[in-house]
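Observations on the three-dimensional arrangement
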Amino acid sequence: MTERLRQAVALAVASVTHAAEQAERLEVDQQDEVAAHIEALANELRWQELLNDPDRVAAVDHLADEALAAFESGQTRPLAEVLAEAK
């Protein structure tokens, strides 16, 4: 790891640590709200990582093609209909 990268990571860790310390002072419901935002961001980053993998992109494209073919051939039903049956 280069020194510049090491310093950038250390700065990021320090910033996150400081933010966590500040968040500890919030009310419980506010902490949960912050947690929800962090979780959403982490999920978004994970999806970006997954969808930037060429193998996964090809797999998702293949699944999308299969879904469209099923739709076009009349093999699918409206979601509202499926949910109504589930009741």
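Because the structure is predicted, anything quoted here is derived from the model rather than measured. (Residues numbered from 1 in each chain as written. Predicted model: local features only at pLDDT ≥ 70, side-chain atom pairs only at ≥ 80, totals over all residues. Heavy atoms only, no water.)

This brings us to the overall build of the chain. Within the chain, the regular secondary structure consists of four helices and zero strands. Counting from the amino terminus, helix and strand elements in the chain follow one another as α-α-α-α. Radius of gyration (C-alpha) of the chain: 22 Å, far over the 12 Å computed for a compact globule of 87 residues. With respect to the three principal axes, the spread of C-alpha positions in the chain is 55 × 40 × 10 Å. The buried share of the chain, reckoned over its 87 residues, is 3%. (Helix = DSSP H or I, 4+ residues; strand = E, 2+ residues; numbered from the N terminus. Rg over C-alpha atoms; globule rule 2.2 N^0.38 Å. Buried < 20%, exposed > 50% of the residue type's maximum accessible area, 1.4 Å probe, protein only.)

Over its 19 residues, helix H3 (residues 54–72) runs 27 Å from end to end, which matches the ideal 27 Å to within 8%, given 1.5 Å per residue. Where H3 begins, the side chain of Asp53 points an oxygen toward the backbone nitrogen of Asp55, at a separation of 2.9 Å. In the stretch just after H3, Gly74 is the one whose phi turns positive, near 80°. (Expected span 1.5 Å × (residues − 1). Polar contact = N/O pair within 3.5 Å; in protein donor to acceptor, adjacent residues only side chain to side chain.)

Where like charges cluster on the molecular surface, the negative patch consists of Glu27, Asp29, Asp32, Glu33 and Glu39. Tracing the backbone through its elements, the reader meets Glu27 in the loop between helix H1 (3–23) and helix H2 (28–51). (Patch = residues over 30% accessible without salt bridge, like charges linked within 9 Å, V, L, I, M, F, W, Y side chains within 5 Å. Areas by Shrake-Rupley, 256 points an atom, 1.4 Å probe, with all protein chains shown as cover. Salt bridge = Lys/Arg side-chain N within 4 Å of Asp/Glu carboxyl O. Lys, Arg positive; Asp, Glu negative; His and termini not counted. Charge placed at Lys NZ, Arg CZ, Asp CG, Glu CD.)

Summed over all chains, the structure comprises five salt bridges. Here Arg6 and Glu3 are joined by a salt bridge, their closest N and O atoms 3.7 Å apart. You can see Arg6 and its partner Glu3 sitting in helix H1, three residues apart, about one turn around the helix. Salt-bridge contacts for Glu81 lead to Arg77; the nearest nitrogen and oxygen are separated by 3.3 Å. Accessibility expressed as a relative area gives 35% for Glu81, which makes it partly exposed. You can call Arg77 partly exposed: its relative accessible area is 44%. By sharing partners, the salt bridges in this structure join Arg77, Glu81 and Glu85 into a single network.

Taken together, the side chains of Met1, Leu5, Val9 and Val13 define a hydrophobic patch exposed on the protein surface, amounting to about 380 Å² of accessible area. Relative to the helices and strands, Val13 is located in helix H1. For Val13, a relative accessible area of 48% translates into the label partly exposed.

Turning our eyes to something else, we now look at the confidence of the model for the chain. Here the chain averages 94 in pLDDT, while 100% of its residues score no lower than 70. When mean pLDDT is compared element by element in the chain, H1 scores highest at 96, while helix H4 (residues 79–86) scores lowest at 90. (pLDDT = per-residue confidence, 0-100.)

With respect to the secondary-structure elements, Gln22 resides in helix H1. In this structure Gln22 comes out as partly exposed when scored by relative accessible area, which is 36%. Sequence separation between Gln22 and Ala36 is 14 residues; the distance between their C-alpha atoms is 16 Å.

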